[in-house]
Amino acid sequence: MLAASVLSDSALEHYRADFENPGMFAPLASAAVLLACALRGTRSAAPYATACAVGTAGLGFHAYNVLRRPGGLSWANLFYAAPLGAPAALALAGVIGLAARPVAAGATTLAGLPSGRALCGLAAFGLAGTSAEAALLHFRGAFQHPAMWVPVSVPPVTALLLAGAALPHARGPRRLTNALLRACTWLGVLGMGFHARGIARQMGGWRNWSQNILAGPPLPAPPSFSALALAGRAALALRAAQEAA
């Protein structure tokens with residue numbers, strides 16, 4: 001789901017930029033391969049490692065795009081230059097894919113940590129980063145609708161509790177963490193609905209979809225919350241199972 005979100009978001013944003021750099025095709029190809037491999041359950045590490053490399057390179061390109069503009073690192077450039085969160089999401093999708101392979105094969109540890117704790121930390125990091133990207137873009141949109149506060153308030157609290165579950169001997173409020181993760185899962189669905197409404201409010205609405213889908217709020221962005229929340233719920237369940245064993 002995270003790869004699908006990256007694929008559709010990159011396709012829209014890079015189409016809007018007219019694919020002025022051939023490298024703009026790389027995240028589309030990598031995310032498409034990643035999505036196909038995830039659906040087929042491919043055990044090879046190559047597509048996931050490639051996604052990590054492409055995402056990291058994209059992060060460098062996007063950072064360069066921000067810094068080369070007049071004013072360098074400024075709020076205006078962070079608002080309107082290439083978004084830093086998009087390539088980071090592709091790299092994160094690759095890392096999650098790499099981590100899922102040994103877990104599916106029965107490995108109980110990842111990077112020297114119990115796999116449940118490691119995946120809780122990874123999902124928490126992803127949720128926090130996605131919320132930071134939403135905060136930047138919703139601040140640009142002046143939080144004109146009260147619902148715009150939800151993705152910048154609920155996911156950070158969820159990420160904090162999930163990060164707590166990654167700590168050794170942590171006995172935090174697991175039910176609350178799970179409930180908030182469920183809320184974040186639905187947040188992705190509801191966010192898509194709100195973004196679709198935002199597109200409909202543009203001049204011409206959905207009848208002028210070919211222009212408004214580029215000018216309105218990004219439709220593929222909210223499902224990334226659903227993807228990371230589902231990963232977090234799986235990590236929390238694995239953490240509980242390893243704790244009980």
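Summarised in this report is the structure supplied together with it. From a predicted model like this one, the values you see are computed outputs, not experimental measurements. Position numbers for residues start from 1 in each chain and track the written sequence from start to end. Per-residue local features of the predicted model are confined to residues with pLDDT of at least 70, and side-chain atom pairs are confined, for both listing and counting, to 80 or more; whole-chain, interface and lining totals are unaffected and use all residues. To get the side-chain values, all heavy atoms of the structure are used, and hydrogens and water are removed first.

### Looking at the overall build of the protein chain
Heads up, the condition is: Helix and strand definitions here come from DSSP, where helices need a minimum of 4 consecutive H or I residues and strands a minimum of 2 consecutive E residues; each element is numbered from the N-terminal end. Radius of gyration: over C-alpha atoms. The globule rule applied is 2.2 Å multiplied by the number of residues raised to the 0.38 power. In this scheme, a residue with accessible area under 20% of its type's maximum is buried, one over 50% is exposed, and one in between is partly exposed, where area comes from a 1.4 Å probe on protein chains only. Residue burial considers only the protein chains on display, and all accessible areas are found by Shrake-Rupley using a 1.4 Å probe. None of His or the chain ends enter the tally, which takes Lys and Arg as positive and Asp and Glu as negative. For this purpose, a charge sits on NZ of Lys, CZ of Arg, CG of Asp or CD of Glu.
Tallying secondary structure elements over the protein chain gives 10 helices and two strands in all. Start at the N end of the protein chain and walk to the C end: the helices and strands fall as α-α-α-α-α-β-β-α-α-α-α-α. Against the globule reference of 18 Å for 245 residues, the protein chain gives a C-alpha radius of gyration of 18 Å, in line with a compact fold. When the backbone C-alpha atoms are referred to their principal axes, the protein chain occupies close to 55 × 40 × 35 Å. Buried residues in the protein chain amount to 42% of all 245 residues. Split by element, the accessible area of the protein chain, about 12,900 Å² in all, is 68% carbon and sulfur. Across the protein chain, the 17 positively charged side chains and the 6 negatively charged ones have centroids separated by 13 Å.

### Structural notes on the pattern of salt bridges
Defined as follows: For this document, the term salt bridge refers to a Lys or Arg side-chain nitrogen within 4 Å of an Asp or Glu carboxyl oxygen.
All chains considered together, the criterion is met by three salt bridges. With its nearest N and O atoms 3.4 Å apart, the salt bridge here joins E243 to R174. One end of the pair, E243, is in helix α10 (residues 223-244); the other, R174, is in helix α8 (residues 174-200), with 69 residues separating them in the sequence. Each of R174, R239 and E243 takes part in a single network of salt bridges with overlapping partners.

### Re a nonpolar patch on the surface
For clarity, the threshold we go by: Think of a patch as exposed residues, more than 30% relative accessible area, with no salt bridge, where like charges cluster within 9 Å and nonpolar side chains (Val, Leu, Ile, Met, Phe, Trp, Tyr) cluster within 5 Å.
Together, W186, V189, L190 and F194 make up a nonpolar patch on the protein surface, roughly 450 Å² of accessible area in all. One can find L190 in helix α8. Exposure remark for L190: the relative accessible area of 52% places this residue in the exposed category.

### Here we look at the packing of aromatic side chains
Pairs of aromatic rings are described using the distance from one ring centre to the other and the angle between the two planes. Operational definition: Geometry of aromatic contacts follows a simple scheme: Phe, Tyr and Trp rings, the Trp one being its six-membered ring, pair when their centres are within 6.5 Å, and the pair is stacked under 30 degrees between planes, edge-to-face over 60, tilted otherwise.
A complete count under the given rule lists five aromatic pairs for this structure. On the numbers, 4.3 Å between centres and 10° between planes, the contact of F19 with F25 is stacked. Plain terms: the ring middles of F143 and W149 are 3.9 Å apart, the flat faces sit at 10° to each other, and that makes the pair stacked.

### Re α10
Which entries qualify depends on this criterion: By definition here, a helix of n residues has an expected span of 1.5 Å times n minus one. Contacts are residue-level and defined by heavy atoms, with any inter-residue pair within 4.5 Å sufficient.
End to end, α10 covers 32 Å across 22 residues, agreeing with the expected 32 Å (1.5 Å per residue, within 8%). Of all the residues in α10, the buried ones are P223, S224, F225, S226, A227, L228, A229, G232, A235, L236 and R239. Where α10 is buried, its residues meet α1 (2-16), α5 (85-104), α6 (115-140), α7 (154-165) and α8.

### Focus: the packing of α5 against α6
Quick reminder of the rule: Helix axes are fitted to C-alpha atoms over the stretch in contact, other axes to C-alpha atoms as well, and angles between N-to-C directions run from 0 to 180 degrees. Roughly parallel here means an angle under 35 degrees, roughly antiparallel means over 145, roughly perpendicular means 65 to 115, and every remaining angle is called oblique. By the definition used in this description, the sense in which the near helix is turned from the far one sets the handedness, with an anticlockwise turn below a right angle giving left-handed and a clockwise turn giving right-handed.
Packing of α5 against α6 leaves a shortest axis separation of 11 Å and a crossing angle of 165°. The orientation of α5 with respect to α6, classified from their angle, is roughly antiparallel. By crossing handedness, the relation of α5 to α6 is classed as left-handed. From α5, G85, L92, V95, I96, A99 and V103 reach across to α6, where they touch S115, L119, L122, G126 and E133.

### Comments concerning the environment of L181
With respect to the secondary-structure elements, L181 resides in helix α8. The buried category is assigned to L181, whose relative accessible area is 0%. In this view, L181 contacts L127, T158, L162, A229, G232, R233 and L236; residues no more than four positions away in its chain are not counted.

### What about the nonpolar core?
Counted only if it meets this: Buried residues of nine kinds, namely Ala, Val, Leu, Ile, Met, Phe, Trp, Tyr and Cys, make up a nonpolar core once their side-chain atoms join them within 4.5 Å.
With 39 residues, the main nonpolar core has L34, L90, C120 and L162 as its most contacted residues. For this core, the elements supplying multiple residues, two or more each, are α1, α2 (26-40), α3 (46-67), α5, α6, α7, α8 and α10. If you tally residues by element for this core, the top one is α6, at eight residues. Core analysis: the second largest hydrophobic core is formed by five residues, L12, I199, I213 and L214 among them.

### With respect to unusual backbone geometry
Positive phi values are uncommon outside glycine, yet F19 reaches one of about 45°. Tracing the sequence through the fold places F19 in the loop between α1 and α2. Although it is not a glycine, F143 adopts a positive phi angle of roughly 45°. Looking at the secondary structure, you find F143 in the loop between α6 and α7. On the basis of relative accessibility, which here comes to 17%, the residue F143 falls in the buried class.

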